[in-house]
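Summary of structural features
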Amino acid sequence: MKILLVEDEAKTLQLIKQGLEQHNIEIDIAYDGLMGLTLAQRNLYDLLITDIILPEINGLNLCRKLRESGFETPILLLTALSTTADIITGLDAGADDYLGKPFEFSELMARIRALTRRNKTISAPSNVLRVADLELNQDTKQVKRAGKEILLTAKEFNLLELLMRHPGRVISKVELAEKIWDVTFDTGTNVIEVYVNFLRKKVDKDFDKKLIHTQIGMGYVIKD
């Protein structure tokens, strides 16, 4: 499990960090809302935990911006603002759950288990992924566009599958390297660009509408 924690309060941050690491949960930390937004859009997480009162972008606006961009990962709000009105505002902003400060770590873990379990049930992948007229069958390993079969190598298929699992989400080269090649990203290699070009020639070349796009300095995204 991988969690993004957006928190600027040192005591709370340290409590959560130590607790999660003891449960063998990987954690990324952002100290303000802007950094949290950047990390959430560049990486894949099982859960985002954020305070409301934050520098740069507050937690409510962070939730709103992420949901507007298509971010589907569960969001848990942590805050001392825990009146009924505050809870309603947080949920309306796009949060999935709300935990008031101070809290027991055991309760936080229970919320984490519930949210990630629910998300796995809701987002269990269909056998067929679709973006526009492009289809990828995870069982048969077949790819078709506009009904025409496209033959891919194993690496090309895995790369396309990762992009299609997260349509509209920019996926960084670092993440692609770790998930497809299982290596730490080497800035001196262009292997990712090469494979993306291979994929484009097979998926986009014969069609007017291009689906695979480059976000300069950020990564790649597939979108209709």
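Scanning the protein from N- to C-terminus turns up eight helices and eleven strands. Out of the 224 residues in the protein, the part that is buried amounts to 43%. In the form shown here, the protein has an accessible surface area of approximately 11,900 Å², with 49% of it arising from carbon and sulfur atoms. Averaging the locations of the 30 positively and 33 negatively charged side chains of the protein gives two centres separated by 5 Å.

Attention now moves to helix H8 (residues 191-203). Compared with an ideal rise of 1.5 Å per residue, which puts 13 residues at 18 Å, H8 spans 18 Å between its outermost C-alpha atoms and is within 8% of the ideal. Within H8, the full set of buried residues consists of Ile192, Val196, Leu199 and Val203. The buried residues of H8 all sit within an arc of 60° when viewed along its axis, so they share a single face.

Let us look at the side chain of Asp32. With respect to the helices and strands, the residue Asp32 is situated in the loop between strand S2 (26-30) and helix H2 (33-42). Looking at Asp32, its side chain comes within polar contact range of the main-chain nitrogen of Met35, at 2.7 Å. Setting aside residues no more than four positions away along its own chain, Asp32 makes contact with Val6, Pro55 and Glu56.

Looking now at the packing of aromatic side chains. Applying the stated criterion across every chain, the model contains one aromatic pair. Relative to Phe198, the ring of Tyr195 has its centre 5.6 Å away and its plane inclined at 75°; by these criteria the two rings are edge-to-face. Taken together, the residues span about one helical turn, with Tyr195 and Phe198 both in helix H8 at a distance of three residues. Overall, the relative accessible area of 21% leaves Tyr195 in the partly exposed class. Arg145 extends its terminal NZ or CZ atom over the ring of Phe207, reaching a point 4.2 Å from the ring centre.

Reading guide: rules and limits
- Residues numbered from 1 in each chain as written.
- Predicted model: local features only at pLDDT ≥ 70, side-chain atom pairs only at ≥ 80, totals over all residues.
- Heavy atoms only, no water.
- Helix = DSSP H or I, 4+ residues; strand = E, 2+ residues; numbered from the N terminus.
- Buried < 20%, exposed > 50% of the residue type's maximum accessible area, 1.4 Å probe, protein only.
- Areas by Shrake-Rupley, 256 points an atom, 1.4 Å probe, with all protein chains shown as cover.
- Lys, Arg positive; Asp, Glu negative; His and termini not counted.
- Charge placed at Lys NZ, Arg CZ, Asp CG, Glu CD.
- Expected span 1.5 Å × (residues − 1).
- Arc of directions from axis to C-beta.
- Polar contact = N/O pair within 3.5 Å; in protein donor to acceptor, adjacent residues only side chain to side chain.
- Contact = heavy atoms within 4.5 Å.
- Phe/Tyr/Trp six-rings, centres within 6.5 Å; stacked < 30°, edge-to-face > 60°.
- Lys NZ or Arg CZ within 6 Å of the ring centre and 35° of its normal.

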